[in-house]
Amino acid sequence: ASLLGAPPGHEGPYLGRVDENLLQGHRCRALCDVLEAMGKASAVAQGLKKPVTSGSPHLAGQRVYLLAHGNAALGLLKTGTKRLFVAPPPLLANRTSGVQDALQEISPVCVLDFYVHETCQRHGYGRLIFDAMLEQEGLPPARLGYDRPSPKLIAFLAKHFGLVRYRPQNNNYVVFDDYFADRCSGGGSTLQSASSTISSGRVAGGRRSPP
């Protein structure tokens, strides 16, 4: 946790945001090793041929929210903005005409990788990481895109945020129907409070166990 900026004597899990600025410091090599190991573990858990998260210090504007307890990494969530061409929900698509309207170009912040280590699942850590990410990114869950979400992530989003309806896309990203509803209404869902506080570009984990 000290690699993420946890103060001396900090007790309990600590959540830090890893970006290129943090990876330019003296902790770069150690942090890259952790990201490499967690990325490989995430790929195995999701049955992917290669990891989404690697140990490269060049994140190209992407962010990794990393949860650690002492010397152990508990989980991570990686985000980044992607340019996508997607088919809107059927009701919205029916209001448009012409081939040029068949696909819409959007550039949402996307969840690219989400993993909690098998030894500490079902302790609320996934929700802790996700809530902190939402607060830091300043977005509700419906305004995000999701890259090849696993069945576990689909179930997580349905359970905690009521996100269920989406149209399958050729690019394997999931953009929920509520994303387009928010665009049409000009509004968005109210963010729920995260279980952590954010300051100075870092996400400081709480001192008590998450619910």
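Description of the structure in this document.

What counts as what
Every chain is numbered on its own, with residues counted from 1 as its sequence reads. Residue-level local features of this predicted model are given only where pLDDT is at least 70; pairs of side-chain atoms are given and counted only at 80 or more, and the full residue set underlies all totals for whole chains, interfaces and linings. The basis for the side-chain values is all heavy atoms of the structure; hydrogens and waters are excluded. Paired strands are those between which DSSP finds at least two bridges. The helix and strand labels rest on DSSP assignments: H or I over at least four residues marks a helix, E over at least two residues marks a strand, and numbering proceeds from the N terminus. We call two residues in contact whenever any of their non-hydrogen atoms come within 4.5 Å of each other. Angular values range over 0 to 180 degrees, each being the angle between N-to-C directions of two axes fitted as lines to C-alpha atoms, with helices fitted over their stretch in contact. Here, the term nonpolar core denotes a set of buried Ala, Val, Leu, Ile, Met, Phe, Trp, Tyr and Cys residues that are joined through side-chain atoms within 4.5 Å. Exposed residues in this analysis have more than 50% of their type's maximum accessible area, buried residues have under 20%, and partly exposed residues fall in between, with area computed by a 1.4 Å probe over protein chains only. Residue count minus one, scaled by 1.5 Å, sets the expected span of a helix. Just to be clear on terms, a salt bridge is a Lys or Arg side-chain nitrogen sitting within 4 Å of an Asp or Glu carboxyl oxygen. Only the six-membered ring of Trp is used, alongside the rings of Phe and Tyr, when aromatic pairs are assigned; centres must lie within 6.5 Å, and planes under 30 degrees apart are stacked while those over 60 apart are edge-to-face, with the rest tilted. Each ring is checked for a lysine NZ or an arginine CZ that lies within 6 Å of its centre and within 35 degrees of its normal; such an atom marks a charge sitting over the ring.

### What to know about the sheet that holds strand β1 (residues 14–18)
Link 1 in the chain: Taking strand neighbours across the sheet as the criterion, the six strands line up as β1-β2-β3-β6-β7-β8 in an open arrangement whose pairing is mixed. The open sheet has two edge strands with one neighbour each: β1 and β8 (173–174).
Link 2 in the chain: Examined bridge by bridge, strand β3 (residues 72–81) and strand β6 (residues 109–116) share seven bridges and lie antiparallel to one another. In the sheet register, Leu76 faces β6, and the bridge partner there is Tyr115.
Link 3 in the chain: Contacting β1, β2 (63–69), β3 and β6, helix α1 (residues 28–46) runs over the sheet at an angle of about 85° to β6.

### Some points on the nonpolar core
Link 1 in the chain: If you look at the biggest cluster of nonpolar residues, it comprises 27 residues, and the most contacted ones within it are Val111, Phe130, Tyr146 and Leu157.
Link 2 in the chain: Listed by contribution, the elements that provide at least two residues to this core are β2, β3, β6, α3 (125–137) and α4 (151–161).
Link 3 in the chain: In terms of residues, this core owes the most to one element, α3, which gives seven residues.
Link 4 in the chain: Beyond its immediate stretch of four places on either side in the chain, Val111 contacts Leu77, Lys78, Phe130, Met133, Leu144, Gly145, Tyr146, Asp147 and Leu153.

### What about unusual backbone geometry?
Link 1 in the chain: The phi dihedral of Arg148 is positive, around 40°, even though this residue is not glycine.
Link 2 in the chain: The residue Arg148 is located in the loop between β7 (145–147) and α4 in this model.

### A word on α3
The periodicity of an α-helix, 3.6 residues per turn, causes residues three or four places apart in sequence to face the same way.
Link 1 in the chain: Under the 1.5 Å per step criterion, the end-to-end length of α3 is 18 Å for 13 residues, consistent within 8% with the ideal 18 Å.
Link 2 in the chain: In terms of burial, α3 is a largely internal element, twelve of the 13 residues being buried.
Link 3 in the chain: Buried residues of α3: Tyr125, Gly126, Arg127, Leu128, Ile129, Phe130, Asp131, Ala132, Met133, Leu134, Gln136 and Glu137, and no others.
Link 4 in the chain: Positive backbone phi, at 70°, marks Gly138, one or two positions downstream of α3.

### Remarks on the pairing of β2
Link 1 in the chain: In terms of burial, β2 is a largely internal element, six of the seven residues being buried.
Link 2 in the chain: Two strands pair when backbone bridges link them, and β1 and β2 are joined in this way by five bridges, in the antiparallel orientation. Within the sheet, the bridge partner assigned to Tyr14 lies in β2 and is Ala68.
Link 3 in the chain: By the bridge criterion, seven bridges tie β2 to β3 in an arrangement that is antiparallel. Counted as the bridge partner of Ala68 is Ala73 from β3.
Link 4 in the chain: The turn joining β2 and β3, which pair antiparallel and follow one another in sequence, is formed by two residues; a positive phi near 65° is taken by Gly70.

### Details of the pattern of salt bridges
Between side chains of opposite charge, a pair can form when the charged atoms approach closely.
Link 1 in the chain: A complete count under the given rule lists seven salt bridges for this structure.
Link 2 in the chain: In this structure, Arg17 and Asp19 form a salt bridge, with 3.4 Å as the shortest nitrogen-oxygen distance. Across the pair, exposure class does not vary: Arg17 and Asp19 are buried alike.
Link 3 in the chain: The closest approach of N and O atoms between Arg127 and Asp131, which form a salt bridge, is 2.8 Å.

### Regarding the packing of aromatic side chains
Link 1 in the chain: A full pass over the atoms with the stated rule returns eight aromatic pairs.
Link 2 in the chain: Both rings, one in Phe114 and one in Phe156, keep their centres 5.6 Å apart while their planes meet at 75°; by these two values the pair is edge-to-face. Placement of the pair is Phe114 in strand β6 and Phe156 in helix α4, with a sequence separation of 42 residues.
Link 3 in the chain: Overall, the relative accessible area of 17% leaves Phe114 in the buried class.
Link 4 in the chain: Summarising the aromatic geometry, the rings of Phe156 and Phe161 are spaced 6.2 Å apart at their centres and angled 65° between planes, so their arrangement reads as edge-to-face. In terms of burial, Phe156 and Phe161 fall into one category: buried.
Link 5 in the chain: Joined through ring pairs, the aromatic side chains of Phe114, Phe130, Phe156 and Phe161 make up one cluster.
Link 6 in the chain: The ring of Tyr179 carries Arg143 above its face, with NZ or CZ at 4.3 Å from the centroid.

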